[in-house]
Amino acid sequence: MEIRELPKEFTKNKEVFTQIGYNPETQVYLYKRTFPRGAVVYEVFKRRINKRFNCVSYPGDEAFGFWALTFPKYEQAKAHMDKGLKYDV
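Residues numbered from 1 in each chain as written. Predicted model: local features only at pLDDT ≥ 70, side-chain atom pairs only at ≥ 80, totals over all residues. Heavy atoms only, no water.

Taken as a whole and judged by the stated rule, the model has four salt bridges. For the salt bridge of R33 with E15, the shortest nitrogen-to-oxygen distance reads 2.6 Å. Taken together, the residues R33 in strand β3 (residues 28–34) and E15 in strand β2 (residues 15–23) connect sequence positions 18 residues apart. In this pair, the class of R33 matches that of E15, namely buried. Measuring nitrogen to oxygen at the nearest pair gives 2.8 Å for the salt bridge that ties E43 to R33. Here E43, found in strand β4 (residues 40–46), pairs with R33, found in strand β3; they are ten residues apart in sequence, far enough to count as distant. (Salt bridge = Lys/Arg side-chain N within 4 Å of Asp/Glu carboxyl O. Helix = DSSP H or I, 4+ residues; strand = E, 2+ residues; numbered from the N terminus. Buried < 20%, exposed > 50% of the residue type's maximum accessible area, 1.4 Å probe, protein only.)

This is how it looks when you write it as structure tokens:
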């Protein structure tokens, strides 16, 4: 059975999440998160497969700081996507 990938764009709680990058070498995704009033942050996270539902999972709030990070600037997020999810980039 084929693994269901993350959507390229989705909306949750009126916030728009848009995939703007994925590095297959580091297996790190980069999403742009746009809030209803226009503020933007960038989320990077490690690719994780949910075996129960046979899909790639988007991190929940509890994952941030562990296997997912949020950055105010694109350049910071891209560095983590390119080099892997490390806290010392």
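Right, let's get into the nonpolar core. Counting residues in hydrophobic clusters, the biggest one holds nine residues: L6, F17, Y29, Y31, F45, V56, A63, W67 and A68. Within the second largest apolar cluster, eight residues are counted, among which are V28, V44, F71 and M81. (Core = buried A, V, L, I, M, F, W, Y, C linked by side-chain atoms within 4.5 Å.)

A few words on the environment of F45. Turning to its location among the elements, F45 is positioned in strand β4. Here F45 falls in the buried class, since its relative accessible area comes to 0%. Placed 36 residues apart in sequence, F45 and M81 show a C-alpha to C-alpha distance of 8.0 Å. The contact partners of F45, leaving out residues within four places of it in the chain, are L6, Q27, V28, Y29, Y31, S57, Y58, P59, W67, A68 and L85. (Contact = heavy atoms within 4.5 Å.)

A relative accessible area of 19% places R33 in the buried class. Reaching out from R33, the side chain makes a polar contact with the side chain of E43 at a distance of 2.8 Å. For R33, the contacting residues outside a window of four places in its chain are E15, V16, F17, A39, V40, V41 and E43. (Polar contact = N/O pair within 3.5 Å; in protein donor to acceptor, adjacent residues only side chain to side chain.)

A separate point is the pairing of strand β1 (residues 9–12). Regular strands place side chains that alternate from one sheet face to the opposite one. Here four bridges tie β1 to β2, and the two strands are oriented antiparallel to one another. Within β2, the residue paired with E9 across the bridge is T18. Counted between consecutive antiparallel strands, the loop separating β1 from β2 contains two residues, among which N13 sits at a positive phi close to 55 degrees. (Pairing = 2+ DSSP bridges.)

Another point: the packing of aromatic side chains. If you walk through the whole model with that rule in mind, you get eleven aromatic pairs. The structure contains a cluster of three or more aromatic residues connected by ring pairs, namely F10, F17, Y22, Y29, Y31, F45 and Y58. (Phe/Tyr/Trp six-rings, centres within 6.5 Å; stacked < 30°, edge-to-face > 60°.)

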